[in-house]
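Architecture at a glance
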Amino acid sequence: MAPETKHLEITLETQVESVNLAEEMCLRVAEAAGFGEDDCYRIGMSVREGVINAFHYGNQERPDRKIHLALDITPEKMIIHVLDEGTGFTLADVPDPLAEENLLSTSGRGIFLMRAFMDEFDVVQGRNGGAEIVMSKKLPEPGSSSPNGERGQDTAPRQGA
Amino acid sequence: MASAGKIQRLGRGLKGKMSLRATHRDAGPVTVVDLSGRITLGDGSALLRKTIRGLLEDQRKKILLNLADVDYIDSSGIGELVSGFTAVKNQGGDLKLLQLTKKVRDLLQITKLYTVFDVFTDESSAIRSFN
């Protein structure tokens, strides 16, 4: 880890409350890092979806398993890791929620949203064999952000993930 | 590493922000459900499900969800909207959406659900559309 990188990590219980807790914690870190309102929303939503994925699909909602959340703030970007204690999965196997046959599915949009909202997104095998989501958002240029997100940006995320 | 005390304080700060409230009123054969708060994993999604299922049990099958005060929906909330839509359709009814906030509209657009739901900005027009 580079000396100028700030690192934070937390181990979360496999429970619904952990989703809100992770979102709130990352929102505070993102705000402190200088992200505007729109980017904070995207980061918060992505963390939320990552932890939901770990809670539901990775850990199968088993309370004996943990969710490991880590944040790195480098001079260039905020990097988020969400690691579960499941058996892992391959991104290529995740159904496309935009496919006609999946449009009315009641689940399966979390990965899509994280890809759409973040600059970089990947899933790798974690140190314990579970899935580790790694995603990042480039830090705003100095002077380009405002606390109210008044940067002329639209809240609509990127498409095509 | 975050301390346990800090985590508890964060948790306390979330309680009011996370809740969803739902009330409903009749407009002729149409039931308007006014929602406010966040539709997210847990209580929010559960309340939406309970509300729609309760209306169906009461044979109220023309449902208009007013989302004017819903500023946040996650993938679980989206799933619950789709589930409600399908449940109502399967019983021969219709579920439509009213007054989306920008964030919710953007979400429905990127997930291609904006074209699945009938979405209205005006309540009177929405109610008339059920006829």
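Attention here is on the structure that accompanies the text. (Residues numbered from 1 in each chain as written. Chains lettered and ligands numbered in written order. Predicted model: local features only at pLDDT ≥ 70, side-chain atom pairs only at ≥ 80, totals over all residues.)

**As for the nonpolar core**
Note on soluble globular proteins: their nonpolar side chains tend to be buried together. Of all hydrophobic cores here, the largest spans 66 residues; its most connected members are A:A22, A:C26, A:V51, A:V82, B:I63, B:L65 and B:L67. The biggest single contributor to this core is helix α2 (residues 37–58) of chain A, with 9 residues. When residues no more than four places from it in sequence are discounted, the contact partners of B:L65 are B:V33, B:L35, B:L95, B:L97 and B:L98. (Core = buried A, V, L, I, M, F, W, Y, C linked by C-beta atoms within 7 Å. Buried ≥ 20, exposed ≤ 12 C-beta atoms within 10 Å, placed from the backbone. Helix = DSSP H or I, 4+ residues; strand = E, 2+ residues; numbered from the N terminus. Contact = placed C-beta atoms within 7 Å.)

**Let's talk about unusual backbone geometry**
The phi torsion of most residues other than glycine is negative, and most of the peptide bonds are trans. All names here are of chain B. For Q59, which is not a glycine, the phi torsion comes out positive at approximately 65°. Mapped onto the elements, Q59 comes out in the loop between α2 (43–57) and β3 (62–73). A positive phi angle is found at Q99, which is not glycine, with a value near 55°. Note that Q99 resides in the loop between β4 (94–98) and α4 (102–110).

**Re the environment of B:L67**
Residue and element names in this part refer to chain B. Inspection of the secondary structure puts L67 in strand β3. Residues L67 and L98 lie 31 residues apart in sequence; the distance between their C-alpha atoms is 5.9 Å. Residue contacts for L67: discarding those within four places in its chain leaves L35, L97, L98, Q99, L100, T101 and V104.

**Some thoughts on the packing of α2(B) against helix α3 (residues 75–90) of chain B**
Residue and element names in this part refer to chain B. The contact between α2 and α3 brings their axes to 9 Å, and the two run at 10°. Relative to α3, the element α2 lies roughly parallel. Residues G44, S45, L48, R49, I52 and L56 of α2 lie in contact with α3, whose contacting residues are S76, G77, E80, S83, G84, A87 and V88. For the contact of α2 with α3, the per-class residue count stands at 5 nonpolar, 6 polar and 2 charged. (Axes fitted to C-alpha atoms, helices over the stretch in contact; angles between N-to-C directions. Parallel < 35°, antiparallel > 145°, perpendicular 65-115°, else oblique. Nonpolar A, V, L, I, M, F, W, Y, C, P; charged D, E, K, R; others polar.)

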